[in-house]
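Analysis of the macromolecular model
What follows is the residue order along each chain.
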Amino acid sequence: MAPTLYMIHASPPVRAVLITAKAIGLDLTEKEIDFFQGEYLKPEYLKLNPQHTVPTLVDDDGFVVWDSHAIATYLVSKYAKDDALYPRDLQKRAIVDQRLHFESGVLFARLLRITKPILFKGKTVIDDADRDNMLEAYQFLNSFLEGKQWVAGDFISVADYSLISSVSSIETLVPIDEEKCPNVVAWQKRLEARPEYEVNKKGREEFSVLFNSKLAK
């Protein structure tokens, strides 16, 4: 049996896991949650994940884990043919972990600061301060990529997949300035050319349509 992923395609963290699974050739059983019908708050889902977030993974032996970063590193560690995407070398792994924490604690946190009020509170504009904070996050990422092909160095990793899922989404609302962040734009194009990126496209489009439809024109 394939591991089951409880998911919503529009969610960037979900897509980080989908990209990772595609990269390692792992088939997942995708179980889409009807977000707007509140399926994520039903008792059976809360039993799996009390935080009622997506994605949540149920492995074929019944093991349950949530948070995209934990899921991606778990899947690579268990199912990948080698450690290329999440190296066992402690120093390389530390850099990958730092980039993952940057995505969750900085970039995705700033994405949520923009998107949650739009989705749940009817907000129709993006505040200048929130926009500036996201532009700053892009610049941090640009500095990480200085002289490098990928965010952790000369090898692609789960951190690239995590970051591209968020960057490709939020940049539809807060565009990247190519002059200020050329490294980010070049990195994004490199990822878009890879076969595993294909699974990001549907959810990115759903994210863009959903949030842009709620913003004031």
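Okay, so let's go over this structure.

Quick notes on the rules
Residues numbered from 1 in each chain as written. Predicted model: local features only at pLDDT ≥ 70, side-chain atom pairs only at ≥ 80, totals over all residues. Heavy atoms only, no water. Helix = DSSP H or I, 4+ residues; strand = E, 2+ residues; numbered from the N terminus. Contact = heavy atoms within 4.5 Å. Areas by Shrake-Rupley, 256 points an atom, 1.4 Å probe, with all protein chains shown as cover. Patch = residues over 30% accessible without salt bridge, like charges linked within 9 Å, V, L, I, M, F, W, Y side chains within 5 Å. Salt bridge = Lys/Arg side-chain N within 4 Å of Asp/Glu carboxyl O. Lys, Arg positive; Asp, Glu negative; His and termini not counted. Charge placed at Lys NZ, Arg CZ, Asp CG, Glu CD. Buried < 20%, exposed > 50% of the residue type's maximum accessible area, 1.4 Å probe, protein only. Pairing = 2+ DSSP bridges. Axes fitted to C-alpha atoms, helices over the stretch in contact; angles between N-to-C directions. Right-handed = clockwise from strand over helix to strand, strands pointing away.

**Examining the overall build of the protein**
Tallying secondary structure elements over the protein gives eight helices and four strands in all. Mapped from its N terminus to its C terminus, the protein presents α and β elements in the order β-α-β-α-β-β-α-α-α-α-α-α. Each principal axis of the C-alpha atoms in the protein carries an extent, and together these give about 45 × 45 × 25 Å. Considering only intrachain contacts with a sequence separation of at least 6, the fraction spanning at least 24 residues in the protein is 70%. For the protein, the exposed area adds up to about 10800 Å²; of that, 52% sits on carbon and sulfur atoms.

**Quick notes on a negative patch on the surface**
Where like charges cluster on the molecular surface, the negative patch consists of Glu30, Glu32, Asp34, Glu205 and Glu206. Broken down by secondary-structure element, the contributors of at least two residues to the negative patch are strand 2 (29–32) and helix 8 (198–212). On the secondary structure map, Glu30 appears in strand 2. Exposure remark for Glu30: the relative accessible area of 45% places this residue in the partly exposed category.

**Points about the pattern of salt bridges**
This model, assessed by the stated rule, comprises nine salt bridges. With a shortest N-O distance of 2.8 Å, Arg110 and Glu136 are connected by a salt bridge. Here Arg110 is found in helix 4 (residues 90–120), whereas its partner Glu136 is found in helix 5 (residues 128–144), with 26 residues between them in sequence. Among the ionic pairs, Arg113 bridges to Asp130, the shortest N-O distance being 2.7 Å. Here Arg113, found in helix 4, pairs with Asp130, found in helix 5; they are 17 residues apart in sequence, far enough to count as distant.

**Quick notes on the sheet that holds strand 1 (residues 4–7)**
Spatially, the four strands line up as an open sheet ordered 2-1-3-4, and their pairing is mixed. Unpaired on one side and paired on the other, strand 2 and strand 4 (64–66) mark the two borders of the sheet. Direction aside, neighbouring strands of the sheet carry axes that sit 20° apart on average. Judged from the three bridges that link them, strand 3 (residues 56–58) and strand 4 form a sheet pairing that is antiparallel.

**Quick word on the pairing of strand 2**
Sheet topology places strand 1 next to strand 2; four bridges connect them, and they run parallel. Bridge pairing links Tyr6 to Lys31 in strand 2. For the segment spanning strand 1, helix 1 (residues 12–23) and strand 2, crossover handedness is right-handed.

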